[in-house]
Each structure stands twice: as structure tokens, then as C-alpha cells.
2 protein chains.
Amino acid sequence: MKTEISLSTIRRLPIYLHYLKSLDVSQPNISATQIAGALNLGEVQVRKDLASISCGGKPKVGYEVHKLINELESYLGANDENSAVIVGVGRLGQALLEYDGFAQFGLEIVAGFDVREELFGKNIGGKPIFDEKQISGYVKDNGIAMAIITVPASFAQSTADKLVSVGIKAIWNFSPTHIVVPDTVVVKNENLAASLAVLSKQLKEK
Amino acid sequence: MKTEISLSTIRRLPIYLHYLKSLDVSQPNISATQIAGALNLGEVQVRKDLASISCGGKPKVGYEVHKLINELESYLGANDENSAVIVGVGRLGQALLEYDGFAQFGLEIVAGFDVREELFGKNIGGKPIFDEKQISGYVKDNGIAMAIITVPASFAQSTADKLVSVGIKAIWNFSPTHIVVPDTVVVKNENLAASLAVLSKQLKEK
DNA sequence: CGCCTATCGATATTTTTTTATCGATTCTAA
DNA sequence: TTAGAATCGATAAAAAAATATCGATAGGCG
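Calculation rules
- Residues numbered from 1 in each chain as written.
- Chains lettered and ligands numbered in written order.
- Predicted model: local features only at pLDDT ≥ 70, side-chain atom pairs only at ≥ 80, totals over all residues.
- Heavy atoms only, no water.
- Helix = DSSP H or I, 4+ residues; strand = E, 2+ residues; numbered from the N terminus.
- Contact = heavy atoms within 4.5 Å.
- Axes fitted to C-alpha atoms, helices over the stretch in contact; angles between N-to-C directions.
- Parallel < 35°, antiparallel > 145°, perpendicular 65-115°, else oblique.
- Nonpolar A, V, L, I, M, F, W, Y, C, P; charged D, E, K, R; others polar.
- Domains from an automatic or database assignment.
- Near = heavy atom within 4 Å.
- Polar contact = N/O pair within 3.5 Å; in protein donor to acceptor, adjacent residues only side chain to side chain.
- Phe/Tyr/Trp six-rings, centres within 6.5 Å; stacked < 30°, edge-to-face > 60°.
- Buried < 20%, exposed > 50% of the residue type's maximum accessible area, 1.4 Å probe, protein only.
- Lys NZ or Arg CZ within 6 Å of the ring centre and 35° of its normal.
- Least-squares fit on C-alpha atoms with pLDDT ≥ 70 in both.
- Pairing = 2+ DSSP bridges.
- Salt bridge = Lys/Arg side-chain N within 4 Å of Asp/Glu carboxyl O.
- Arc of directions from axis to C-beta.
- Buried area = accessible area lost by both parts, 1.4 Å probe.

Remarks on the environment of Leu92 of chain B
- Residue placement: Leu92 of chain B occurs in helix H5 (residues 91–98).
- Placed 33 residues apart in sequence, Leu92 of chain B and Pro59 of chain B show a C-alpha to C-alpha distance of 46 Å.
- With sequence-adjacent residues up to four places away left out, Leu92 of chain B is seen in contact with Leu92 and Ala95 of chain A together with Thr150, Phe174 and Leu192 of chain B.

Here it is as C-alpha cells:
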């Protein structure tokens, strides 16, 4: 199927992938009903989501688990632009550099950048840390398209501007501020405090 | 106005709040048009969102900035259940313990829990770290309703089960696994790797 | 083999969210 | 003091997402 896949669907695909991988290998097939039950989703929704990336299951037996995993991985991971850099190697930046779940999606954080001299040349999570001044060269030389911003809020927008100017096309911003970028660039503002506030709000509404 | 506020709207409220706070104090009023322009949203959407929590602005002049901030803060922060604990004091847990943006929403992370003895009694970000065995008592004694899970994936579900059993009502899960909880509990699964994968996907679709 | 059940995929319906339109209100200024 | 522009709030329309319905098909079983 080749219609446009909605963002809501794309967001659920990694969840399916993860769940399928957690299954016992001895289970060759799985039904949408079962997936829906395990993940607390509607079974029709699961079928629709899977229909958008899979070539289909069989009535009564469901989908082949390994085939589905392949299809999900190839959809999510088939991506040339899969390297990212981190700007701002504080606690959070370090946590992300050491986080080992990215590879599952064919993604890799390849380097960190900071302004603090004492970090230059260090290795964190096996990734080198460089002087922030070198970002431009590094990004251009290596054709990097994605960047993660974990600098203090007051530097977030200027960092984003700089990244955009050197050719970054996707930004994941963890600074507690909302950055604005040109339409040609994809940005996800991840405000942790705001997320917790929303959760707290949901809790209260119950 | 007292109609149910949609989750999409609630998610945008912290963004408005943050933006308003970033404004020059000398600006007493602001229009939906201006907010929409700065944040890249539709101006009607901004008006509708604000209408749900504010008692209104005036034509031609817009909204009063300080009043709007108050209204947003009181909506987002007026919450008794505003203390959270963190389970799993690794890099990410530490980063969150030191993160200072939560107070803005009237939220506080009050303690961390881990299984590693060498952490017991330590202070991180001014917050005490305890033995995970003490969670139950702590949560009950202090009436904590929210918990953040930053343990390795393989312990995430069991940690969640335990938290639910001691009375936690909202869980923010950072382990790269999808946890399932009873309907009475609010959960947000925050899979960092999956988020980056989605961003990467969006980038590719362009 | 023929019936029953689980499940798929497609289409239709409902609900939710976003966007557009328009009359009413308030300020500015001639 | 009246014309004009900016902006609000409400209602309507459109778009997107979630959910329900239903015929078709594959396997199990008498």
C-alpha cells in the first residue's frame, strides 16, 4: 500500500515493533486482536496501521511475526539519513550518548559537542566529544542531517539557528524552550517539564 | 468556560505559558495573532485554546499577558498531586533529578530510588536517594501519586506493577519498553529511541 | 465435505481536531 | 464623533483520526 501514512500511525509503529520482538520465538503467528489486547489499542486500529506497511496477514491465523518485524524494521530503519549529533553534553546529553536503544532503529548518535574545554577529546558511550566550534565542519564533512539539542534554554534558539545554517534538517530539542525553525526543517520540541505537567493534569482529570 | 479540554489543547498550554513568560515585561498585552506567529500555530487554534482556560481578551488589544500567565499557571499547576519519585537512578534518572524546569509547573521530584547500595543516602540535585525496597513506605507515607521509571527495560514492567500496587496513579516510563497498567492509572510511555526514529522518518518523508 | 469460528481487509460511520468565516467590539485617529 | 482597522468569540465547514460494520477467506472439526 502506498498512501500517505499518518503521523499518528508512524508513532505507533515502533510500539508494535518492540512488542513483536518481545514475543517468544516459538510463536510464528499473531493476530491483530492479540496485539491490540497486549498494547491496549483498538484491534481495527492495529489492522489499519499494519495494513499501511505490511503485505498482509491471513484470516484465522493472523500475521507472520518475523515477516512483520522485517517489514516494520525496513520501514522504520530504511533510511540513509540515520546519524545524529548532540549539542550540549550535560547530564541529559550524556544520558543520550550512552543510551543504547537507538541502534534498534538503525540510528546512531555519532558525536557530541559542547563549549566546555574539559570535555574535548573525551569519549562518552564510545562517542567523541568535540568543541562546539567544530560543528559546522563536522556536519558538512559527514553529511549529518539530524541534531539533538541539550543545551541550556538560553542557548537553544541560537544553537538551532546555527544548526539550520550548516544544513541540519531535523532537530530534537530537549531544552525547556520552544524553538522555531524554517518550514524546511523538522523539529520536535521535547519539553520534559511540560510533559510531566500534562501527565499530572491527566491524573487530576480522573 | 467549563467544557472538557482536549488533550491536544492541554499539550499546547505549557507552550503558550513558556512563550508568554519569555516576553518583555514591558509588553502588557498580546494578541492571538502574535502568539500564533511566534509559535507557528494557527491563530484560531490559539484563540480556541486560550478560550478554554481564560476569561477572555479584548478586541484590538488582545489578552493581558500577566493575567493569561496566571490563568495558565493556575490551570496547569493547581494540583495537589504534584510530587513525583524516580525509580532508577542511572544517567537519565540523574539528569531528571537535576533538571530544574519542573518547578515552573508546580511539580517536584522529591526522591530517587535504586537497587545499588553505593547510591543510598546520596543527594542528587538536592534530592535524596533511597533503597528501592523503601518505595512502598515512602509513597504511602508521603501520599505520592506520580512516578518516573528509568530502570533497565527488563525491570520496567515489574517496577510498574509494584508502583501501581502501592498506590501510584500516574507513571512516566522512560524504559525502552511499553508498559501496561490498569485503566485506573495514567501512563505515558516515552521511548526515546522510538521518538528519534519517528523524527528521522518525518525527515525522510520530506 | 460442509459448517463454524477467528480473523482479515474494505467501507462506512462517528468522533475529534483543525481551519475558515463572519458579525461584534474596541481602540485610533481624522 | 464617525470611519477604519485589529482582534475577539462563536459558529460552520473541512480534515483527520478512531471506531464500527460486514462480507470474504482460511483453518479446525464433526
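Overview of the packing of helix H1 (residues 7–21) of chain B against helix H3 (residues 43–53) of chain B
Residue and element names in this part refer to chain B.
- Remark: H1 packs on H3, axes separated minimally by 10 Å, with the N-to-C direction vectors making an angle of 95 degrees. The angle between H1 and H3 places the two elements in the roughly perpendicular class. Only Gln45, Val46, Asp49, Leu50, Ser52 and Ile53 of H3 make contact with H1, whose side of the interface consists of Thr9, Arg12, Leu13 and Tyr16.
- Grouping the amino acids of the contact of H1 with H3 by side-chain chemistry returns five nonpolar, three polar and two charged.

Observations regarding the domain arrangement of chain A
- Domain annotation of chain A identifies domain 1 (7–76) and domain 2 (82–194).
- Between the C-alpha centres of domain 1 of chain A and domain 2 of chain A the distance comes to 32 Å.

Focus: the protein's contact with DNA strand D
- Close contacts around DNA strand D come from 20 residues, with Ala32, Arg47, Gly56, Gly57 and Tyr63 of chain B the closest.
- Taking the atoms of DNA strand D that fall within 4 Å of the protein, sugar and phosphate contribute 76% of them.
- One of the side-chain nitrogen or oxygen atoms of Gln45 of chain A is found 3.4 Å away from a sugar or linking oxygen of DNA strand D.
- At 3.2 Å from a sugar or linking oxygen of DNA strand D is found a main-chain nitrogen or oxygen belonging to Lys60 of chain B.
- Of all the secondary structure elements, the ones that give two or more residues to the surface near DNA strand D are helix H1 (7–21) and helix H3 (43–53) of chain A.
- When residues of the surface near DNA strand D are assigned to their parent elements, the largest contribution, three residues, is made by H3 of chain A.
- Taken together, the residues that form the surface near DNA strand D break down as six nonpolar, seven polar and seven charged.

Thoughts on the packing of aromatic side chains
- Under the counting rule described, the total for this entry stands at ten aromatic pairs over all chains.
- For the pair Trp172 of chain A and Phe174 of chain A, a centre-to-centre distance of 4.7 Å together with 55 degrees between the ring planes defines the contact as tilted. Phe174 of chain A shares its class with Trp172 of chain A; the two are buried.
- The interplanar angle of 40 degrees and the centroid separation of 5.6 Å between the aromatic rings of Phe130 of chain B and Tyr138 of chain B together place this pair among those described as tilted.
- Grouping aromatic residues by their ring pairs yields a cluster made of Phe113, Phe130 and Tyr138 of chain A.
- Geometry around Tyr75 of chain B places Lys201 of chain A over its ring, the cationic atom sitting 3.9 Å from the centre.

Let's talk about the relation of the copies chain A and chain B
- The transformation that overlays chain A on chain B combines an axial shift of 0.0 Å with a rotation of 180 degrees, and the residual RMSD is 0.1 Å. Within this description, the copies of the chain are treated as partners about a two-fold rotation axis.
- In this assembly the copies share their binding face: 97% of the residues contributing to the interface of chain A also contribute to that of chain B.

As for the sheet that holds strand S5 (residues 123–124) of chain B
- Spatially, seven strands are ordered S5-S6-S4-S3-S7-S8-S9 (chain B) in an open sheet, and the strand pairing comes out mixed. Where the open sheet ends on each side, the last strands, each with one partner, are S5 and strand S9 (186–189) of chain B.
- Bridge count between strand S3 (residues 83–87) of chain B and strand S4 (residues 108–114) of chain B: five bridges; the pairing is parallel. Looking at S4 of chain B, one finds that Ile86 of chain B is bridged to Gly112 of chain B.
- Packing of helix H8 (residues 192–205) of chain A onto the sheet brings it into contact with strand S7 (146–149), strand S8 (170–173) and S9 of chain B, and relative to S8 of chain B it is tilted by some 150 degrees.

Topic: the pattern of salt bridges
Residues and elements named next belong to chain A.
- Taken as a whole and judged by the stated rule, the model has 14 salt bridges over all chains.
- Arg12 serves as the salt-bridge partner of Asp49, at 2.6 Å between the closest nitrogen and oxygen. On the criterion of sequence distance, the pair formed by Asp49 in helix H3 and Arg12 in helix H1 is long-range, its members being 37 residues apart. Of the two residues, Asp49 and Arg12, both sit in the buried class.

Describing the protein's contact with DNA strand C
- As a structural note, the neighbourhood of DNA strand C is formed by 20 residues, with Ala32, Arg47 and Tyr63 of chain A together with Lys48 and Pro59 of chain B the closest of them.
- Near-protein atoms of DNA strand C (within 4 Å) split between backbone and bases, with sugar and phosphate holding 72%.
- In this structure, Tyr63 of chain A approaches DNA strand C through a side-chain N or O atom, which is 2.8 Å from a phosphate oxygen.
- Separating a phosphate oxygen of DNA strand C from a side-chain N or O atom of Arg12 of chain B is a distance of 3.0 Å.

Things to note about H3 of chain B
All names here are of chain B.
- Residues of H3 that are buried: Val46, Asp49, Leu50, Ser52 and Ile53. Projected down its long axis, H3 carries its buried residues within an arc of 155 degrees, all on one side. For H3, exposure combined with an orientation more than 90 degrees from the buried face picks out Val44 and Lys48.
- Looking at the buried side of H3, the elements it contacts are H1, helix H2 (32–39), strand S2 (63–64) and helix H4 (65–77).

Considering the interface of chain A and chain B
- Across the contact, 61 residues belong to chain A and 59 residues belong to chain B.
- For the pair chain A and chain B, the summed buried surface comes to about 5,800 Å²; carbon and sulfur atoms form 66% of the total.
- When residues of chain A are sorted by the area they lose upon contact with chain B, Arg91, Leu196 and Leu203 of chain A head the list and together hold 12% of the total.
- Taken together, chain A and chain B are joined by two salt bridges.
- Residue Arg91 of chain B is joined to Glu98 of chain A by a salt bridge in which the shortest nitrogen-to-oxygen separation is 2.9 Å.
- Of all the secondary-structure elements, those providing two or more residues to the side of chain A that touches chain B are H1, helix H2 (32–39), helix H4 (65–77), helix H5 (91–98), strand S8 (170–173), strand S9 (186–189) and H8 of chain A.
- Here the side of chain A that touches chain B gets 14 residues from one element, more than from any other, and that element is H8 of chain A.
- Residue composition of the side of chain A that touches chain B, grouped by class: 36 nonpolar, twelve polar and 13 charged.

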